[in-house]
Amino acid sequence: MRLATVITPTGTTAAVLDGDRWRALPATDLSSLLAAADGDGRWDAGRIASATGAELTGAVPVSPLPRPGKVVCCGLNYGDHIRETGRELPTHPTLFAKFADTLTGPRDELVLPSDAQWDWEAELAVVVGATLRRADRDQARAAIAGYTVANDVSARDWQYRTLQWLQGKAWDASTPVGPVVVTPDEIDPVAGVDVVCRINGEQVQRGNTSTLVFDAADLLAYVSTFATLRPGDLVLTGTPGGVGVAREPQRFLADGDVLETAIDGIGTLRNTVRLTA
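All of these numbers come straight from a predicted model, not from anything done at the bench.

Parameters at a glance
- Residues numbered from 1 in each chain as written.
- Predicted model: local features only at pLDDT ≥ 70, side-chain atom pairs only at ≥ 80, totals over all residues.
- Heavy atoms only, no water.
- Helix = DSSP H or I, 4+ residues; strand = E, 2+ residues; numbered from the N terminus.
- Buried < 20%, exposed > 50% of the residue type's maximum accessible area, 1.4 Å probe, protein only.
- Pairing = 2+ DSSP bridges.
- Phe/Tyr/Trp six-rings, centres within 6.5 Å; stacked < 30°, edge-to-face > 60°.

A. Here's a closer look at unusual backbone geometry. Geometrically, the link from Gly 178 to Pro 179 is a cis peptide bond, its omega value of -10 degrees lying close to zero. Position of Pro 179 among the secondary structure elements: in strand β13 (residues 175-182). In the Ramachandran plot, Arg 134 falls in the positive-phi region, its phi being about 50 degrees despite a non-glycine side chain. Residue placement: Arg 134 occurs in the loop between β10 (122-128) and α4 (137-142). If you check the backbone angles, Asn 200 has positive phi at about 50 degrees while not being a glycine. Topologically, Asn 200 is positioned in the loop between β14 (194-199) and β15 (202-208).

B. Expanded view of the pairing of strand β17 (residues 258-263). With five of its six residues buried, β17 lies for the most part within the structure. Bridging between β14 and β17 involves five bridges; their strand directions are antiparallel. The partner of Val 196 across the bridge, within β17, is Ala 262. Pairing of β17 with strand β18 (residues 267-276), which is carried by six bridges, proceeds in the antiparallel orientation. Bridging from a neighbouring strand, Glu 260 pairs with Arg 270 of β18. Connecting β17 to the antiparallel partner β18 that follows it, the hairpin turn spans three residues, and Gly 265 within it adopts a positive phi of roughly 85 degrees.

C. Inspection of the packing of aromatic side chains at higher detail. On inspection of all chains with the given rule, the structure shows four aromatic pairs. Note on Trp 118 and Trp 171: the rings are 5.2 Å apart at their centroids and 85 degrees apart in plane angle, and the pair reads as edge-to-face. One end of the pair, Trp 118, is in strand β9 (residues 118-119); the other, Trp 171, is in the loop between α6 (166-169) and β13, and 53 residues separate them in sequence. Ring geometry for Trp 158 and Trp 171: centres 5.1 Å apart, planes at 90 degrees, overall edge-to-face.

In structure tokens form, the structure reads like this:
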């Protein structure tokens, strides 16, 4: 299934794609839908499918998860990206957090201050579908509601002010997500899907999720050891090589750049960068 939060002439609603038509689901957005569907530690896609309602006219996907309780991100999780930073392969995930306010929609402008060095990071994101606490790998896999596309747009000069990355990663409305959440029966990141980033049509990143050091189930199980994960939480799995800060010379996003982030089987984010004083 392909799930989304969509906006229509009458407001927002959770929705499922039926062929080329959107049909309503009984919640105002996916955050509410997932919270209401929490079960026994497993994600039940069938329960969602059975609740499909009327066809929606003029539906446009927006940010799919407007109220995640947690947004957890993994850095340094692709071998090529780790090598370009000069580091060794990690034995444990390198994690940091974002806030819900950092998220924005699949077609929204990225309105960012012009006095920072803005970099791109195309990522596969995992959507949690059931409560997880001290889960093993199998339990974590069973709790995955689906996968979506994200770009962890980062202020590099702020990120590297200290050894802690938060101040470079948590800017308001800087992380586009969407356009849909695709359920695990339709996509298998362990087998491998391509993650691609383009700027003004130029490909700057291409990686494959089969090369992740820690896959989605690994990350959910690890995080759930110290923090309870709940339906609608979002876990970003890291970015492949090709980021701007690692280039010679370094390259950062400019005003008017069109940032496209695409993952096979899910879709494409297309966000225009607007740098402001």
